[in-house]
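Overview (structure and organization)
Here is how the chains run, residue by residue.
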Amino acid sequence: MKFFLYSFALLFLNSCQTKDINENCTNTNLLLDKDITVFHHYSETYQQQMPWTTNFKIPPFINLLFNKFFQNKISLYDPVYEDTVFKELDKNTLLYILKNNKQLAFDTSQFNDILFFESWHLDTNEIFNLQKKVIYWSPIKRDSNTYKLAGKIKCNTNNSTLLAHQIKYEFPINDTISPFFYFENDRLNKKKLVKILLDWSVKNPTKTYNPFTTEKLTKKELNNRLNNSDSLFYLPYNDINSLLFVENWYYDTISFSISKELLSVAPIVYTYDSTEVSKRILFVIYLKNKPTKIF
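Now for a description of the structure that goes with this document. Everything quoted here is computed from the prediction, not taken from an experiment.

A few words on helix 4 (residues 190–203). Helix length check: helix 4, at 14 residues, gives a terminal C-alpha distance of 20 Å against a target of 20 Å (1.5 Å per residue), a fit within 8%. Among the residues of helix 4, those classed as buried are Lys190, Leu193, Val194, Ile196, Leu197, Leu198, Asp199, Trp200 and Ser201. Check the buried side of helix 4 and you find it contacts strand 3 (113–123), strand 7 (161–172), helix 5 (219–225), strand 8 (240–251), strand 9 (258–272) and strand 11 (285–286).

Put into structure tokens, the structure is as follows:
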């Protein structure tokens with residue numbers, strides 16, 4: 001399994017007042033003080049290089065969004081304002097962003113990327129329970145090596161139409177080059193997140209699975225995959241380069257609000273040679289009852 005990835009994440013604090021994530025605020029979020037907000041850059045172009053099929057086509061979705069916007073059927077918000085501020089975007093401003101002042105026919109082939117701004121909450125009291133709430137998402141226009149946010153879509157959790165089934169992507173643990181380099185990636189202790197994941201897995205080996213067969217791992221099998229032994233206890237905290245997420249995405253056909261249902265998470269280790277990167281999935285944790293194959 002050999003492929004390349006570009007991804008992005010930024011995190012900072014948020015309160016536990018979001019009832020659908022932490023209804024009574026009695027659980028402890030292990031990531032940081034409380035809920036964490038995350039920037040995630042999803043690229044269809046890069047997903048096509050992965051060893052799995054891309055089951056979500058961004059350009060037609062963006063084309064439908066813009067058509068509704070110019071028909072006054074949907075609201076977009078200005079991306080120049082900070083993340084908690086939603087000021088409505090007017091048509092002329094969007095046309096200026098897109099540099100298309102003469103016509104409303106957009107070349108949506110340039111829209112192969114989406115920026116998500118999410119709230120995360122992690123609790124491991126009984127199960128490994130990581131939940132995500134999308135606060136807003138933005139279409140990204142890619143023109144040569146430049147990227148522009150073409151509005152923000154404010155999101156809620158009342159989304160019932162399936163947008164993408166078992167969509168897969170990596171979340172980087174080590175710093176990577178991102179087109180959104182002007183965001184500082186300093187709010188999440190990603191190494192702590194990895195430590196929590198591996199420590200929980202060692203304590204709950206029968207809740208870890210083989211990524212290719214969906215069979216439960218025994219304690220011995222898990223230790224082998226982690227390069228552990230009875231004489232040498234070692235957990236590869238510093239060797240984890242990314243986490244693989246598998247999710248279902250849902251949306252509201254009127255507002256284009258998107259929500260995510262996290263199905264599974266898996267730590268990935270990279271190995272390097274002179275020309276390429278090889279990636280190995282150590283194990284999978286399923287957040288839902290029914291395991292599904294990664295590939």
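Grouped burial of nonpolar side chains is what soluble globular proteins tend to show. Core analysis: the biggest nonpolar cluster contains 60 residues, and Phe56 and Trp137 have the highest contact counts within it. It is helix 2 (residues 58–70) that provides the largest number of residues to this core, a total of seven residues. Apart from the residues within four sequence positions on either side, Phe56 is in contact with Tyr42, Glu44, Phe61, Ile114, Leu163, Ala164, Ile167 and Trp249. Ranked by size, the runner-up nonpolar core spans 12 residues in total, among them Tyr209, Leu244, Val246 and Tyr286.

What follows deals with the pattern of salt bridges. For the structure shown, the criterion picks out eight salt bridges. Taking the shortest distance from any N to any O, the salt bridge between Lys57 and Glu44 comes out at 4.0 Å. Placement of Lys57 in the loop between helix 1 (44–47) and helix 2 and of Glu44 in helix 1 is noted, with a sequence separation of 13 residues between them. We classify Lys57 as partly exposed; its relative accessible area is 46%.

The rules behind each value
All chains use their own residue numbering, which begins from 1 and follows the written sequence. This being a predicted model, a pLDDT of at least 70 is required before a residue's local features are given, and a value of 80 or more before pairs of side-chain atoms are given or counted; all residues contribute to the totals for chains, interfaces and linings. The basis for the side-chain values is all heavy atoms of the structure; hydrogens and waters are excluded. For helices the rule is a DSSP run of H or I covering at least 4 residues; for strands it is a run of E covering at least 2, with both sets numbered from the N terminus onward. To estimate the expected span of a helix, count its residues, drop one, and scale the result by 1.5 Å. Residue exposure (1.4 Å probe, protein chains only): buried if accessible area is under 20% of the type maximum, exposed if over 50%, otherwise partly exposed. Residue contacts are defined here by distance: any two heavy atoms, one from each residue, within 4.5 Å place the two residues in contact. Remark: nonpolar core denotes a set of buried residues (Ala, Val, Leu, Ile, Met, Phe, Trp, Tyr, Cys) joined through side-chain atoms within 4.5 Å. Salt bridges are counted wherever a side-chain nitrogen of Lys or Arg sits within 4 Å of a carboxyl oxygen of Asp or Glu.

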